[in-house]
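Structural characterization, general
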Amino acid sequence: MTATASTQAIASYDHRIDVQIRYDNRSNREDRAQYRLRYYPQINFNNDWSLNSFVVTGDDFASSHNTFGESDSQEIAIRRLYIRRNVDGGKVELGVIPTYKGRVSATGLSKDGWIQGVRYVTSLLPTHKLEFVVGSLNNTDPAKALSLSGELDYFEVEYSASLSQHHAIEFGLERITAGNYARAEWRYIQNTSQTWLIEYVRRLDDAQDKFVLGTESQFEIKGYPVDMYAYYAYVSKAFGFRAELTEDYLGTGHGGSIALSGSLSIAEMDWFSRIDAVGNNKRLLVGIKRKF
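Predicted model only: the values in this text are computed from it and were never measured. (Residues numbered from 1 in each chain as written. Predicted model: local features only at pLDDT ≥ 70, side-chain atom pairs only at ≥ 80, totals over all residues. Heavy atoms only, no water.)

**Section: the overall build of the protein chain**
Secondary structure assignment for the protein chain yields zero helices and 18 strands. For the protein chain, the spread of C-alpha atoms along the three principal axes comes to 50 × 50 × 45 Å. For the protein chain, with 292 residues in total, the buried portion stands at 41%. A fraction of 45% describes how many contacts in the protein chain between residues 6 or more apart in sequence connect residues 24 or more apart. Across the protein chain, 33 positive and 36 negative side-chain charges occur, with their mean positions spaced 2 Å apart. (Helix = DSSP H or I, 4+ residues; strand = E, 2+ residues; numbered from the N terminus. Buried < 20%, exposed > 50% of the residue type's maximum accessible area, 1.4 Å probe, protein only. Contact = heavy atoms within 4.5 Å. Lys, Arg positive; Asp, Glu negative; His and termini not counted. Charge placed at Lys NZ, Arg CZ, Asp CG, Glu CD.)

**Considerations on the side chain of E131**
As for its placement among the helices and strands, E131 is situated in strand β9 (residues 128-136). Of the residues examined, E131 reaches a relative accessible area of 2% and is grouped as buried. With near-sequence residues (within four places) excluded, E131 lies in contact with K101, R119, Y120, V121, E156, V157 and E158.

**Observations concerning a negative patch on the surface**
Taken together, the side chains of E30, D31, D59, D60, E70, D72, E75, D141 and E244 make up a negatively charged region of the molecular surface. Relative to the helices and strands, D60 is located in the loop between β4 (49-57) and β5 (66-67). (Patch = residues over 30% accessible without salt bridge, like charges linked within 9 Å, V, L, I, M, F, W, Y side chains within 5 Å. Areas by Shrake-Rupley, 256 points an atom, 1.4 Å probe, with all protein chains shown as cover. Salt bridge = Lys/Arg side-chain N within 4 Å of Asp/Glu carboxyl O.)

**Let's talk about unusual backbone geometry**
Generally, phi is negative for residues other than glycine and the peptide bonds are trans, each holding for most cases. In the Ramachandran plot, A207 falls in the positive-phi region, its phi being about 50 degrees despite a non-glycine side chain. Tracing the chain through its elements places A207 in the loop between β13 (194-203) and β14 (208-221).

**Structural notes on the pattern of salt bridges**
Applying the stated criterion across every chain yields a total of 27 salt bridges. With a closest N to O distance of 3.4 Å, E93 and K91 form a salt bridge. The buried category is assigned to E93, whose relative accessible area is 0%. Assessed through its relative accessible area of 14%, K91 is described here as buried. Two residues, E170 and R183, come together in a salt bridge whose shortest N-O distance is 2.4 Å. Separated by 13 residues along the polypeptide, E170 in strand β11 (residues 167-176) and R183 in strand β12 (residues 179-191) bring together distant segments of the chain. By the burial criterion, E170 is buried, and R183 matches it.

**Thoughts on the pairing of strand β16 (residues 253-263)**
As judged from the nine bridges shared by strand β15 (residues 224-235) and β16, these two strands associate in the antiparallel manner. Bridging from a neighbouring strand, Y231 pairs with S257 of β16. For β16 and strand β17 (residues 270-278), the ladder comprises nine bridges, and the chain directions are antiparallel. Bridging from a neighbouring strand, A259 pairs with R274 of β17. Counted between consecutive antiparallel strands, the loop separating β16 from β17 contains six residues, among which S265 sits at a positive phi close to 60 degrees. (Pairing = 2+ DSSP bridges.)

**Thoughts on the side chain of D18**
Mapped onto the fold, D18 is located in strand β2 (residues 11-26). Using a relative accessible area of 10% as the deciding quantity, one classes D18 as buried. In this structure D18 touches R36, L37, R38, Y40, R290 and K291, once residues within four positions along its chain are discounted.

**Notes on a nonpolar patch on the surface**
Taken together, the side chains of W186, I198, Y200, F211, L213 and Y232 define a hydrophobic patch exposed on the protein surface, amounting to about 490 Å² of accessible area. Contributions of two or more residues to the nonpolar patch are made by β13 and β14. Structurally, Y232 is set in strand β15. Classification of Y232 by relative accessible area gives partly exposed; the value is 32%.

Now the structure itself:
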């Protein structure tokens, strides 16, 4: 649901909010109850120019939850603030920008993170895009996300394409926090309710690897629709700090996760649950969420 209030003939304000409460049971730590608030304000100056921001709870680049009852876990910060200019077939973003240009891959950087810099996306063909990012990612404290750094340590070039109705690919080269990486992704859209994915990242300067095999699906249980995302991941022990910044990080070595979600049909809320396993450690997450 979007709230809009016109301030002048060509300008408008929009926002999105999502709220989540969850219970976190971990085999190697104490249980905890957590909450998350995400706020996405946007000022649209016209069809091409906008000012965007992102305010969220959490105390780390890839963490956006606060813990109930812990006085030192009640953080909230502005993690992004940037200008976006839409251009034919692409866009330019400048400032403290998102970590993604669109859909977030399993091996991509956390969608709650940020990069201080500039992104340029252009279309080579209608379904073929090229992305360039230059900037800084040398501080992962959300409270300092807007404290601009003079050091350039983040570089990315990525090619993505929808080859057909069923096949999509991505290839990218990155330099992140003093590590050099090559990333590849293949997605097979079997049908409207089933997608398979394979993602691979190679650390070029240290011969380390990350591999993900996963599936996204929608199915029904006695007429009740359920969404599922499941994957297996392997991360080399010395892969580097980039592993901890990614969207699906469980730990080094072999791991896996199964996430289920559906509608509660109560106050427009959804439920979700997730089971993670890496090594001898297990984790169960259950909760509710709502978007405004």
